[in-house]
Amino acid sequence: MTEDLLAATTGAVRRAGERLLRRYSTKTRQAGLAELLAAAEDNDAAVVDALRPALARILPEAGWLNDEHGSGPLDTGQWWLIDPVGGNINAVHGMTDWNVGVSLVRDGRPVLAVLYFPLLDQMFTATEGGGAFLNGVRLRVSDKTSLEGALVGTGQAKPGQDAGVAERMGSSFAAMVKAAIYVRVSVPVTHQLAQVAAGRMDLHWQFDQVRSHVAGVLLVREAGGVVTDLHGEPWRLTSRDYLAAAPGVHAAALEVLAA
């Protein structure tokens with residue numbers, strides 16, 4: 001059943017991504033904030049219009065949340081969590097880092113994730129206990145054992161984060177620049193998490209979690225990564241923050257972020 005569910009979900013996400021790809025242009029320019037937000041909303045609507053009926057047919061009993069910036073606990077049962085365009089601001093500026101993300105959460109636990117990068121035709125998938133894959137090839141996090149050669153990253157969970165979170169991000173960047181070879185600060189967060197799962201990056205940390213991150217979290221866990229909150233406690237859907245890392249650098253990263 002899981003294989004059938006994953007195949008059907010992957011097909012729906014691919015079709016939604018192809019629909020968005022037809023809208024995308026590297027020549028896109030907006031005159032101001034109002035035009036930018038309108039373009040982003042149109043992108044979201046194009047994906048939701050394709051995904052919502054498709055996912056309702058696949059699993060009619062599951063709830064639905066268009067959940068780009070949602071946070072906090074969920075009611076029991078099954079929930080589709082949709083991030084229609086991860087990195088939408090990038091997409092409407094004609095940049096390349098954006099994706100379509102879907103996860104299925106069952107009783108507060110992520111059990112399925114699909115993350116599609118249409119521009120590269122890269123389909124990241126994961127199921128609980130079934131591993132993580134890129135276009136059908138199993139993923140494994142990196143073998144790094146030291147931060148000095150690590151490529152690491154963080155980014156905004158959502159626009160308008162409070163000043164405290166922004167200050168913590170700045171302080172953590174300064175600390176990590178001293179410890180790692182390179183630090184990325186970028187969005188979408190799920191893009192970075194997918195790179196950690198693929199072993200292309202070594203860790204990602206976040207001071208403000210939103211539920212749409214769970215697709216990337218499941219990818220990292222199923223690729224052999226370690227995901228905890230920033231106190232080292234097991235990750236949960238309701239965690240306020242988190243670190244997703246290759247096992248060999250997780251403890252050292254926690255020390256840097258706690259300093």
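In this text the structure is predicted, and so the values were computed from the model without any measurement.

As for its position among the elements, A194 is in helix α5 (residues 189-197). Taking the relative accessible area as the measure of exposure, A194 reaches 0% and is therefore buried. Separated by 122 residues in the primary sequence, A194 and G72 place their C-alpha atoms 22 Å from one another. Contact partners of A194, with chain neighbours within four places excluded, come to L115, F117, F124 and L219.

Attention shifts here to the packing of aromatic side chains. For the coordinates displayed, the defined rule picks out 2 aromatic pairs. Pairing F117 with F124 gives two aromatic rings, centres 5.1 Å apart and planes at 50 degrees, and the pair type is tilted. Neither residue differs from the other here; F117 and F124 are each classed as buried.

For the rest of this paragraph, the subject is a nonpolar patch on the surface. A cluster of nonpolar side chains, contributed by L21, L119 and L120, occupies part of the molecular surface with about 240 Å² of accessible area. Looking at the secondary structure, you find L119 in the loop between β4 (109-117) and β5 (122-127). Residue L119 is classed as partly exposed on the basis of its relative accessible area, which comes to 35%.

Conventions used here
- Residues numbered from 1 in each chain as written.
- Predicted model: local features only at pLDDT ≥ 70, side-chain atom pairs only at ≥ 80, totals over all residues.
- Heavy atoms only, no water.
- Helix = DSSP H or I, 4+ residues; strand = E, 2+ residues; numbered from the N terminus.
- Buried < 20%, exposed > 50% of the residue type's maximum accessible area, 1.4 Å probe, protein only.
- Contact = heavy atoms within 4.5 Å.
- Phe/Tyr/Trp six-rings, centres within 6.5 Å; stacked < 30°, edge-to-face > 60°.
- Patch = residues over 30% accessible without salt bridge, like charges linked within 9 Å, V, L, I, M, F, W, Y side chains within 5 Å.
- Areas by Shrake-Rupley, 256 points an atom, 1.4 Å probe, with all protein chains shown as cover.
- Salt bridge = Lys/Arg side-chain N within 4 Å of Asp/Glu carboxyl O.

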